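Residues per chain are reported as follows:
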Amino acid sequence: MREYKYITLREKPQLKNRAAEWFHSKWGVPQEAYLECMESYLNSENEYGWFLCLDDDKIIGGLGVIENDFHDRKDLAPNVCAVYTEKEYRCKGIAGHLLDMVVDDLKSKDITPIYLITDHTSFYERYGWEFLCMVQGNDEPDMTRMYIHR
């Protein structure tokens, strides 16, 4: 079984530009937006963080934490965002490991609860997340599921 390396961006800040490009390629959010959030984290302006899974030096999974993930409930923060695992690496526990990392990291900094929005209906429950409510996504016609981890 292959060993993957799980890191925070603070452990390898030299990956910042590559990580921002990788997230941009998955979600279409401007690379500059990722860079801005990553720089705030790297400069200790906030403790939200960016988490990556590497296969050798290839980014194969990741997620970040931001104040609000493009929804109308500004009171529900911070939000896990941009959760993604490369298709050929799915079903290996990578996203779950990253989710556990972020929960542990934020709890160690007394940042709890945390939230995320998703269209998935059974994935996050496996990792201790609970459905909270429906929220309106920015510029989205339909409501989106909001989850909480306490």
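Structural data are supplied above this passage.
Residues numbered from 1 in each chain as written. Predicted model: local features only at pLDDT ≥ 70, side-chain atom pairs only at ≥ 80, totals over all residues. Heavy atoms only, no water.

Asker: Break down the environment of leucine 106 for me, with residues and values.
Answerer: Take leucine 106: it is sitting in helix 3 (residues 94-108). The class of leucine 106 is buried, set by a relative accessible area of 0%. Between the C-alpha atoms of leucine 106 and valine 65, which are 41 residues apart in sequence, the distance is 9.5 Å. (Helix = DSSP H or I, 4+ residues; strand = E, 2+ residues; numbered from the N terminus. Buried < 20%, exposed > 50% of the residue type's maximum accessible area, 1.4 Å probe, protein only.)

Asker: Could you give an account of empty space enclosed by the protein, naming the residues involved and the relevant values?
Answerer: Tallied over the full model, the rule gives one cavity of 30 Å³ or more. Together, Val103, Leu106, Lys107, Ile111, Thr112, Ile114, His149 and Arg150 line the largest cavity. The residue makeup of the lining of the largest cavity, split by class, is four nonpolar, two polar and two charged. (1 Å grid on protein atoms, 1.4 Å probe; cavity = no way out; pocket = protein on both sides within 12 Å on 5 of 7 lines; lining within 4 Å. Points joined across faces, edges and corners; volume = space filled by probe spheres on them. Nonpolar A, V, L, I, M, F, W, Y, C, P; charged D, E, K, R; others polar.)

Asker: Account for the state of the cysteines, naming residues and giving values.
Answerer: Scanning all chains against the criterion turns up zero disulfides. The structure places no disulfide on cysteine 53, whose sulfur is separated from the nearest cysteine sulfur, that of cysteine 91, by 14 Å. Left unpaired, cysteine 81 is separated from the closest cysteine sulfur, that of cysteine 37, by 6.9 Å. Cysteine 81 sits in the buried class, given a relative accessible area of 5%. (Disulfide = S-S within 2.5 Å.)

Asker: Before we move on, can you summarise the side chain of aspartate 105 with the specific residues and values?
Answerer: Secondary-structure assignment places aspartate 105 in helix 3. Setting aside anything within four residues of it in sequence, one finds aspartate 105 in contact with Glu47 and Phe51. (Contact = heavy atoms within 4.5 Å.)

Asker: Tell me what's going on with the nonpolar core, and back it up with residues and numbers.
Answerer: Of all hydrophobic cores here, the largest spans 25 residues; its most connected members are Leu63, Val80, Leu99, Val102, Ile114, Tyr124 and Trp129. At the level of secondary structure, the elements contributing two or more residues to this core comprise strand 2 (50-55), strand 3 (58-66), strand 4 (79-85), helix 3 and strand 5 (114-118). The element contributing the most residues to this core is helix 3, with eight residues. Not counting residues up to four positions away in its chain, the partners in contact with valine 80 are Leu63, Gly64, Val65, Asp69, Leu99, Val102, Ile114, Tyr115, Leu116 and Trp129. (Core = buried A, V, L, I, M, F, W, Y, C linked by side-chain atoms within 4.5 Å.)

Asker: Please give an account of a negative patch on the surface that cites residues and values.
Answerer: A surface patch of like charges, here negative, comprises Asp119, Asp139, Glu140 and Asp142. Topologically, aspartate 119 is positioned in the loop between strand 5 and strand 6 (130-136). (Patch = residues over 30% accessible without salt bridge, like charges linked within 9 Å, V, L, I, M, F, W, Y side chains within 5 Å. Areas by Shrake-Rupley, 256 points an atom, 1.4 Å probe, with all protein chains shown as cover. Salt bridge = Lys/Arg side-chain N within 4 Å of Asp/Glu carboxyl O. Lys, Arg positive; Asp, Glu negative; His and termini not counted. Charge placed at Lys NZ, Arg CZ, Asp CG, Glu CD.)

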